[in-house]
Structures are given as structure tokens and as C-alpha cells.
Amino acid sequence: MTSTTRLTVAQALVRFLSVQYTERDGVRRRLIDATWGIFGHGNVAGLGQALIEYATAPDGETPPAMPFHQGRNEQSMVHAAVGYARQSNRLSAHAVTTSIGPGATNLVTGAALATINHLPVLLLPGDTFATRVADPVLQQLEVPYAGDVSVNDCLRPVSKYFDRVTRPEALIPAALNAMRVLADPVETGAVTLALPQDVQAEAYDWPDEFFAERTWYVRRPAADPAELAEAVRAVRAAKRPLIIAGGGVHHSRAEAALAEFASATGIPVASTQAGKGSLNHDHPQDVGGIGHTGTATADELARLADLVIGIGTRYTDFTTGSHTLFERPGVRFLNLNIGAYDGHKLAGQPLIADARAGLTALARELGPDAYRVTESYIAEYREDKERWEQRVDACYEAEEPDVRPTQPQVLGALDEIVDASDILINAAGSLPGDLHKLWRTRSFDQYHLEYGYSCMGYEIPAAIGVKLAAPDRPVWALVGDGTYLMMPTEIVTAVQEGIAIKVLLIQNHGYASIGGLSESVGGERFGTAYRQQADDGTYTGRPLPVDLAANAASLGMRVLRAKTVSDLREALAVARAADTPTCVYVETETADTVSGAPPAQAWWDVPVAATATRSSAVKARELYERHVSTRRRHL
């Protein structure tokens, strides 16, 4: 007879999650290492009660069966979980529980971010009564044409797996499927188990086997021999190949294999936002960021490349210059990717494999000394990179240290004090462009840019998640005033739990990135500055009397104000040494002059009004049509 244990559905789920593990390359980790939560009537009596049951281990001495973190905003909790998962190399993740209604729908943005970036997070939103005995309940959306729909169905399109557990026994297959997807290197992303509040509290006799430890092995699929042979032929035929390193290099921990391959072949390596750091900035084959926010060095190589070797990249419009960057007639693409969907993009020759396994096999099949680009090609890109580095130096340099800094000078001051242990987190605004062009990465995981969804408000909660995964390293959240105002609330969580993140808060009085874009497409920066509204309806009055430093301090954070470049250098050094949550606040130039970094080196397609009366829009449309004419389909 099968032995059983009587528990509620919520208790059974927490107990099950506490004994799930991943393993890759002999490294074993807990799959769900902690749970974030905000409680309401949809989860307080179910998961809330279960989490306190498992807040300590049975012996009362070993670590808790399920550690808990108290959040302030449901979207922020997902961002923190995503930051943790990325820093944990997708081998460990967090769960997030919410009540029904707005608590659940607040998960949607974070879920989309997780899924787009292929990062695992388990979402456990409360749901309305499965029995429908109390119908409608508080915060329930009534759908007259479908009785089985709730607001949680909003999570279906942004989840890699979705299930609604309407009976206790349905939890068993649902939970197992959830773990399968979370641990899958291709399918991973947001996984949602919607939990009706009455079912959460219902008791059931669970087979004890359900609570046995399980290990989910994270695969490293090898390349198909035929595809590998074709890839070898393509590389050997190339005269001007270029590697584009994407986030898949990091997910696979293929950085060392990439460095060896690039050194052996001499092929230059450009990187996407997700792939930056695949090579350190001083590696001889590193040529910096690619695409709209990339370096002139990488983009010129892309224009002339005869073979583009994409490794773990999705080829977004920023990377491809909206399909205008790869100009050479007959250019071909070789796509090493663990996912077949991405491996076939741009009519590319697919090499479907784990990035590290694929690179290792490709190097082996090419053979030692069997292929290397010409020395003239190497000299060309190294000289060009040196010229770019001189431009970076000029952007970083502050000739007058007692004046207000530009944004690149802020990055230059930070560059002076960090080492390979520091981790920088950013997601949106003008900073991603400056960082992609200018930042000199010193380690494979120093550069943490969320640019798949580019979600404002990601940085501070993600920094908390990263710090939980890397407690002994300095973790910086780089935020502008726009993204800070979106989601500063998790500062309270950092203070509450003593998570010593560092926030570099840059005040430039507006949406600097979108302001510049608006100007370029004929929008005249309308509605992008943080200023008083003028009589003509535009926001061109005085800057708003908002004190973001005081706001951060009111949430419990130590705040250091820096007015000049000299002040900034001193404040950054103090913050880096701090063992409590610390914010460095600096005001840069206004939003229309914030950057000072080199302009975009490749185009980005943002459609311009086809007809307009204002001259700015008319001129922008003329320029737009010239760019559109250079777009090509790679077939």
C-alpha cells in the first residue's frame, strides 16, 4: 500500500518545491531556492499559511525548507526573481506568490520580461474559487461568456507553461510539468500555476513519493554531425567572418570556449546587450557592442562581413540595424543556437546545439592551425578598436572636475573604482546605449543589461535578486530618474533584509533616451522632459521641484549627494565600501544634452509620420525613407 501524508494543496506544493534540484556539469543546486510574496485574501490562508509551516526545517536548526522574501510590488518581485535566476546561471530560481485580482495582473510585465529573456521564474497567483460557491468574490473579473476565465488568463501568452489547479490531485502533474519547463534550457521562462484560493486550503492524502528529492538535469545537446560538417565548411570558406555573441553564451557558460575559439581563429567577436562580457574588454578579439547601440568598430566589421556567426543570439532589430547592417552582397549566417527557432533566423545555416558544446565541436572539427583569418584582417580591426577606445577615453575624461558631469563622465568615474567583482545592472533609458558603446567589461557576469524587454523599473529589484545570488560582490543598480520613479519601492525590501545594493541614481530631468528619439523622428521632444507645463501645452517650463535623493532616504536608504565630478568619485568609493544599502545621487546635464556619447553607429527603424505639416517631421520622414531603402531581406 502506498504511504501518504495529509497536507493542504499549498503545503504540499511548498514541500514539493523544497526538494527539487537541478544539475549540470556535476553542479547540483536547488531549483526553487526561495519564495517572494505579497499576501491578500487569495493566498494568505493557503500559501501564506504553508510558507510559515516551512519557514524552518523540521529540526529547527538547518536552513528553512523554503526561505521567504517580503516584496512591495508584485512586478518588482518578479524582477528580483529574474535577477537571481540570471546570476544563478538559470540553475536556480525563485517563486512569486500573489493574491487574486490586481496582485495577479501585476505579474504580467515581469512574466513577459522573464520569458523574452529565457529566464526561469515560478509564478503562483491566487485565483477565484474553483467551486464557485462564493461568486463573484472581491477583485474577481466576471466574464459572462466564459465561467472558467479569470484575470490570471492574462498570464497565458507570457508564460512558457500555464496551468490552473482546480482539484488537489491535479497539482501533481502540474507541478512536475512546471519543473520540467523551468529546467529546460530552450523552453525556460515564466511558468504559472494559478491556484484557486479554496483549493489552496483543501486537504488531500498525497503519495509520499511526490515529496522525494528530484534532480532535473540541464542538458547540453551536441551538434548534429551533418550540421557540424556544413558549419566547418562555411567557416573555412570565410575571408571576413564576424562572431556575434548573444546571451546564450552566458547561459551556457561558454565564455572560455569562445575565448579559445576566437584566439585560435582570429575571428573578431562583437556582442549584443545580453552577450556583452562574453569576452573581457581587453581580449584581442573583442570589438565591442554590435548594432544600433554598438561600436563603430563592430558595426563596420558587420557591414563588410561575408560570414556572420551568431552564437546564442535572437538577432533583434537593435542587433541587425533593423536589417540594414549586414550590407555585403552574398553575406551568409551561421547560427549556433540551442533553440531551432533562433537557429534558422536570417535564412541562416543552423547549428543547433548548446553554445559551449557547439563551440568545442566546431573547434575540434576545424582542427588546430587549420583555419585562421589573415593577419591584415586582424590588424585592421585591432587598429580600429584602438581608435574607438580613444573615443571612450575622451567621453570618460572630465577636464574640469568641479563641474556637473555628463552621463559618460558618470560612467567614467564608476569605471575608475570597480574591478572584476562588481556587477552593473541596467535596463532602460539612455544608459543602455552609453553602456553598450562605452563600458569596459572585466568579467563575464559584470554586465547585466535587461534589453530583451528593456523594462523601466527593473534595475533596483533585480539588483536585490543578484545580490542574493552573489552576496559577497558589489552590485550596482544604474538608474535614471524616469526608471527610478517607475519602481523604487523595493528599496524598502533591501533595507528590511539588509541587502547592501548600491544605487547610482542619475537625475537628468526627463526621458533622455526617448527625448533624443523623439527629436530624430519629428516629435520635437514633446512630453519627454520633467518640467512644468507651459501655456502652449508643452512641458517646457521650469524643472520639477522633485527631490529623488530625499525620496530614497525616506525609504531608509543611505544617500550620498554628488554635485561635481570630484564629489562623484568620492561618493562612489564610499558607496562601494558600504555594507548597507547606499544610493549615490548625481544630477547630470539636462535630458536634451545628457549623453555626450558617440552617436548611433547603425540605424533603428522607428516609423515616421508619412504626412505632417511641421518641418521637423517632414525632414525626419525624408531621412527615414532613405534608410528604409537600404533594408534587405536575407534569403
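Refer to the preceding data block for the structure.
Keep in mind it's a predicted model, so treat the numbers as computed, not measured. (Residues numbered from 1 in each chain as written. Predicted model: local features only at pLDDT ≥ 70, side-chain atom pairs only at ≥ 80, totals over all residues. Heavy atoms only, no water.)

A. Structural context of empty space enclosed by the protein. Overall, the coordinates contain four cavities of 30 Å³ or more when judged by the stated rule. In this structure, the largest cavity spans a volume of roughly 180 Å³. Around the largest cavity, the lining is made up of 21 residues, and of these Lys-276, His-281, Asp-286, Gly-288 and Trp-439 lie nearest the centre. Secondary structure elements with two or more residues in the lining of the largest cavity: strand E13 (269-271), strand E14 (286-289), helix H15 (375-396) and helix H17 (431-438). With four residues, the single largest contributor to the lining of the largest cavity is E14. (1 Å grid on protein atoms, 1.4 Å probe; cavity = no way out; pocket = protein on both sides within 12 Å on 5 of 7 lines; lining within 4 Å. Points joined across faces, edges and corners; volume = space filled by probe spheres on them. Helix = DSSP H or I, 4+ residues; strand = E, 2+ residues; numbered from the N terminus.)

B. Just the pattern of salt bridges, in detail. For the structure shown, the criterion picks out 35 salt bridges. Among the ionic pairs, Asp-33 bridges to Arg-30, the shortest N-O distance being 3.9 Å. One continuous salt-bridge network, built from bridges that share partners, spans Asp-25, Arg-220, Asp-354 and Arg-356. (Salt bridge = Lys/Arg side-chain N within 4 Å of Asp/Glu carboxyl O.)

C. Examining the environment of Thr-489 more closely. Note on placement: Thr-489 falls in the loop between helix H19 (481-486) and helix H20 (491-497). Placed 28 residues apart in sequence, Thr-489 and Pro-461 show a C-alpha to C-alpha distance of 8.5 Å. Look past the residues within four positions of Thr-489 in its chain and what remains in contact with it is Arg-72, Asn-73 and Ser-76. (Contact = heavy atoms within 4.5 Å.)

D. Geometry of the sheet that holds strand E2 (residues 20-24). Judged by pairing direction, the sheet is mixed, and its three strands sit side by side in the order E3-E2-E11 without closing on themselves. Only two strands of the sheet have a single partner each, and these edge strands are strand E3 (27-30) and strand E11 (214-217). Averaged over all pairs of adjacent strands, the angle between strand axes in this sheet comes to 30 degrees, irrespective of strand direction. Relative to E3, E2 is paired through four bridges, and the arrangement is antiparallel. Looking at E3, one finds that Glu-23 is bridged to Arg-28. (Pairing = 2+ DSSP bridges. Axes fitted to C-alpha atoms, helices over the stretch in contact; angles between N-to-C directions.)

E. Broad picture of helix H21 (residues 512-520). The complete set of buried residues in H21 reads Ala-512, Gly-515 and Ser-518. Projected down its long axis, H21 carries its buried residues within an arc of 120 degrees, all on one side. Following H21 by one or two positions, Gly-522 has its phi on the positive side, about 85 degrees. (Buried < 20%, exposed > 50% of the residue type's maximum accessible area, 1.4 Å probe, protein only. Arc of directions from axis to C-beta.)

F. Here's a closer look at the packing of helix H16 (residues 407-417) against helix H23 (residues 565-577). It is the contact of H16 with H23, at a shortest axis distance of 9 Å, that shows an interaxial angle of 45 degrees. Accordingly, the angle class assigned to the pair H16 and H23 is oblique. As for how H16 packs across H23, the hand of that crossing is right-handed. In this structure, H16 contributes Gln-409, Val-410, Ala-413, Leu-414, Glu-416 and Ile-417 to the contact, and H23 contributes Val-565, Leu-568, Arg-569, Leu-572, Ala-573 and Arg-576. Partitioned by chemical class, the residues of the contact of H16 with H23 number eight nonpolar, one polar and three charged. (Parallel < 35°, antiparallel > 145°, perpendicular 65-115°, else oblique. Left-handed = near helix turned anticlockwise from the far one by under 90°. Nonpolar A, V, L, I, M, F, W, Y, C, P; charged D, E, K, R; others polar.)

G. Fine view of the sheet that holds strand E23 (residues 582-587). If you trace the six strands from one edge of the open sheet to the other, you get E19-E18-E20-E21-E23-E22, paired in parallel fashion. Both edges of this open sheet fall to strand E19 (447-449) and strand E22 (558-562), since each of them pairs with a single strand only. Sheet twist, expressed as the mean angle between neighbouring strand axes with direction ignored, is 20 degrees. Pairing between strand E20 (residues 475-480) and strand E21 (residues 502-507): five bridges, direction parallel.

H. Representation of a negative patch on the surface. Taken together, the side chains of Glu-397, Glu-399, Glu-400, Asp-402, Asp-567 and Glu-570 define an acidic patch exposed on the protein surface. Looking at where Glu-397 falls in the secondary structure, it is placed in the loop between H15 and H16. (Patch = residues over 30% accessible without salt bridge, like charges linked within 9 Å, V, L, I, M, F, W, Y side chains within 5 Å. Areas by Shrake-Rupley, 256 points an atom, 1.4 Å probe, with all protein chains shown as cover. Lys, Arg positive; Asp, Glu negative; His and termini not counted. Charge placed at Lys NZ, Arg CZ, Asp CG, Glu CD.)

I. Layout of unusual backbone geometry. Cis geometry is adopted by the peptide bond preceding Pro-136, which originates at Asp-135 and carries an omega value of 5 degrees. Counting through the fold element by element, Pro-136 comes out in the loop between strand E7 (121-127) and strand E8 (161-164). Positive phi is not limited to glycine here, since Arg-90 has a value of about 65 degrees. With respect to the element layout, Arg-90 can be found in the loop between helix H3 (74-87) and strand E6 (93-98). Here Arg-90 falls in the buried class, since its relative accessible area comes to 13%.

J. Local environment of the pairing of E2. The element E2 is extensively covered by neighbouring structure, given that four of its five residues are classed as buried. As defined by bridge partners, E2 adjoins E11 across four bridges and the pair is classed as parallel. Paired with Gln-20 across the two strands is Arg-214, which belongs to E11. Linkage of E2 to E3, two consecutive antiparallel strands, is achieved through a turn of two residues, within which Asp-25 is found at a positive phi near 55 degrees.

K. Structural context of the packing of H16 against H17. Closest axis-to-axis distance for the H16/H17 pair is 11 Å, and the angle between their directions is 55 degrees. One finds that H16 runs oblique with respect to H17. Where H16 crosses over H17, the two elements pack in a sense that is right-handed. Contact with H16, carried on its side by Gln-407, Pro-408 and Leu-411, involves Leu-431, Asp-434, Leu-435 and Leu-438 of H17 and no other residues of that element. In terms of residue class, the contact of H16 with H17 is made up of five nonpolar, one polar and one charged.

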